[in-house]
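Residue-level listing of the chains:
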Amino acid sequence: MSQSTTLTLLDRRRASLPSLVLVANMASTQEVSRPFGLAPIVVGTGNDCDLIVTDPAVSRRHCLFRITPQGILVRDLQSKNGTFVSNIRVQEAHVAPGHVLQIGGVSLRIRVTGEPSEIPLWPEASFGGALGGSTVMRALFHRLHQAAQSPEVVLLRGESGTGKELLARAIHDASPRADGPFVIFDAAAITPALFEAELFGHVRGAFTGADADRTGMLATADGGTLFLDEIGELPLDQQPKLLRVLESKQYRPVGSNEWRSFDARIVAATHRDLHAATAAGEFRQDLYFRLAVFECVVPPLRERSDDIELLVERFLASDIPPRTVLDLPHGALEMLASHHWPGNVRELRNTVSRLLLFPHMRERALEFHGVEGEARRDFDALLGLSWRDARERVIDRFEASYLREKLHAHDGNVAKAATDMGISRQLVHRLMVRHGIR
Ligand SMILES: Nc1ncnc2c1ncn2[C@@H]1O[C@H](COP(=O)(O)OP(=O)(O)OP(=O)(O)O)[C@@H](O)[C@H]1O
């Protein structure tokens, strides 16, 4: 059996991935394991971990394993009691089958289970508007391109700012429906009362204020793609309605007796692990199975740091006038490469624009600061952008600054800040992740 433990590029279209499994032995002698793929394996006691262990000395998210071109990498995730390789505490190390790792009372081993498998890769470092030269992104692009050719639902899962909307558009553009409309329905932004009216439309007189027929988003997306963003936020009581429509391919506008067919391809996205949410009773399992025909995970930026330089170059080149890395302050690229990027590519893009505007504030470019003076000074730069990009940039900054002030005013108490802001705690948490506020 091959003992290879590296991710090897075979050619532009293929990589070879070793067949390995991570095995954890707990004090109770119970054994749990998880096969390696391209995505990292997070080990810890938290429900959101890929390999869940039970031990009082193990942190919620304790350490992470990943197959890289250099071998198997283990990284401690700032755990309380540390990660040990052959009794030496490590922050980051390469490990091999035969090594014994210790986290709390749990020992971890890597086992070779078979011959390496071949992974098909997208031959380019971009798919539609999304950039990514890393193996994990090119494997994702290949899958999405395949999915684009089929009429089935695609579910994109990834942290805020990882590019889910961009990828949904890329799927649409690569699909036979590219000439049709691409319509966005944001399940987190819609109130339960309006869910059906927005999605299915309504007829005149359906409810107070409905003084004319209104086309719903399903009909608007006819012949094209309907992107259901933040589908994990759809309230439980609305979920059966969506399921029924996806299964029957028919809907009824509010106030109408007439069933209508639709012809829109569905792409959905969420930052939540819906599989875990079904186990917790927060998401219907039948709807999850209907959505997860092609479930694709969009990796966070910190797991594909080899993409950072490519992204930075692109953001600089699309500035007005176009720039290059030479326009960045000295040492900026190294600083960007080593940052954790909780807000992912969105945070990287905003950081690059801050670095260009305030090159002397290199260290502070990774922090958010007061909106007023900055917005005024930024205005000329905004005028050089398209309406869409300028608006998104201003909204991003407003959200981050407003949220920071409110959290500060309530000593970091999320529940109190949420009440003050008039939004849900879940939305505050989502905004905090989006803007890298902890
Ligand atoms: N791979 C990428 N290549 C180029 N730009 C990217 C990429 N990923 C994200 N971006 C940029 O980052 C920003 C956020 O992307 P997008 O809105 O698609 O993320 P998202 O995952 O849908 O975020 P959210 O969950 O917060 O809505 C956009 O400006 C987008 O153009």
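Residues numbered from 1 in each chain as written. Predicted model: local features only at pLDDT ≥ 70, side-chain atom pairs only at ≥ 80, totals over all residues. Heavy atoms only, no water.

Peer 1: Got a minute to help me understand the overall build of the chain in this structure?
Peer 2: Assigned secondary structure in the chain consists of 14 helices and 23 strands. For 438 residues, the compact-globule estimate of 2.2 N^0.38 gives 22 Å, and the chain sits close to it at 24 Å. In terms of overall dimensions, the chain has a C-alpha envelope of 75 × 55 × 50 Å along the principal axes. A buried classification covers 48% of the 438 residues belonging to the chain. A sequence separation of at least 24 residues applies to 58% of the contacts in the chain between residues at least 6 apart. Surface accessibility of the chain: about 21,400 Å² in total, with carbon and sulfur atoms responsible for 51%. Between the mean site of the 51 positive side-chain charges and the mean site of the 54 negative ones, the chain shows a separation of 2 Å. (Helix = DSSP H or I, 4+ residues; strand = E, 2+ residues; numbered from the N terminus. Rg over C-alpha atoms; globule rule 2.2 N^0.38 Å. Buried < 20%, exposed > 50% of the residue type's maximum accessible area, 1.4 Å probe, protein only. Contact = heavy atoms within 4.5 Å. Areas by Shrake-Rupley, 256 points an atom, 1.4 Å probe, with all protein chains shown as cover. Lys, Arg positive; Asp, Glu negative; His and termini not counted. Charge placed at Lys NZ, Arg CZ, Asp CG, Glu CD.)

Peer 1: For this particular structure, what's the right way to read the sheet that holds strand S16 (residues 182-186)?
Peer 2: Backbone hydrogen bonds hold the strands of a sheet together, and the pairing may be parallel or antiparallel. In spatial order, the strands read S16-S19-S22-S15-S23; together these 5 strands make up an open sheet with parallel pairing. Because the sheet does not close on itself, it has two edges, and the strands there are S16 and strand S23 (294-297). Here the strands of the sheet are splayed against their neighbours by 20° on average, with no regard to which way each runs. Summarising the sheet, strand S15 (residues 154-157) and S23 pair through 4 bridges and their orientation is parallel. Paired with Arg-157 across the bridge in S23 is Val-297. Relative to S23, helix H1 (residues 135-149) is tilted by about 155°, and along the sheet it contacts S15, strand S22 (265-270) and S23. (Pairing = 2+ DSSP bridges. Axes fitted to C-alpha atoms, helices over the stretch in contact; angles between N-to-C directions.)

Peer 1: I tried to follow the UniProt feature "domain: FHA" (unreviewed entry) in the chain on my own but got confused; where do I start?
Peer 2: The UniProt record annotates "domain: FHA" (unreviewed entry) at residues 41-90. Measuring from the first to the last C-alpha atom of residues 41-90 gives 17 Å, for a span that is 0% helix and 48% strand. (UniProt positions renumbered as here; feature names shortened; annotations may be inferred.)

Peer 1: Looking at this structure, I do not really get the environment of Arg-391. What am I missing?
Peer 2: Mapped onto the elements, Arg-391 comes out in helix H12 (residues 387-409). A residue is classified by how much of its surface remains accessible, and Arg-391, at 44% relative accessible area, is partly exposed.

Peer 1: Sorry, what's going on with the UniProt feature "domain: Sigma-54 factor interaction" (unreviewed entry) in the chain here?
Peer 2: Taken from the UniProt record, the annotation "domain: Sigma-54 factor interaction" (unreviewed entry) applies to residues 130-357. The span residues 130-357 carries 41% helix and 15% strand; its end-to-end C-alpha distance comes to 25 Å.

Peer 1: What's the story with the pairing of S15 in this structure? I'm lost.
Peer 2: A regular strand carries its side chains on alternate faces of the sheet. Here 4 bridges tie S15 to S22, and the two strands are oriented parallel to one another. Bridge pairing in S22 places Leu-155 opposite Ala-268.

Peer 1: So what exactly am I meant to see when it comes to the site of the ligand here?
Peer 2: Close contacts around the ligand come from 18 residues, with Leu-131, Ser-160, Gly-161, Lys-164 and Arg-349 the closest. Residue Leu-131 places a main-chain N or O atom 2.9 Å away from a nitrogen atom belonging to the ligand. For the ligand, whose free accessible area comes to 630 Å², the fraction covered by protein is 91%. Looking at the shell around the ligand, the elements with two or more residues in it are strand S14 (130-131), helix H2 (164-174) and helix H10 (344-357). (Near = heavy atom within 4 Å. Polar contact = N/O pair within 3.5 Å; in protein donor to acceptor, adjacent residues only side chain to side chain.)

Peer 1: How should H1 be read in this particular structure?
Peer 2: Note on helix geometry: an α-helix contains 3.6 residues per turn, so any two residues three or four positions apart are oriented the same way. Taking 1.5 Å per residue as the helical rise, H1 with its 15 residues ought to reach 21 Å, and the 22 Å between its terminal C-alpha atoms agrees with that figure. Considered for burial, the residues of H1 that qualify are Thr-135, Val-136, Met-137, Arg-138, Ala-139, Leu-140, Phe-141, His-142, Leu-144, Ala-147 and Ala-148. (Expected span 1.5 Å × (residues − 1).)

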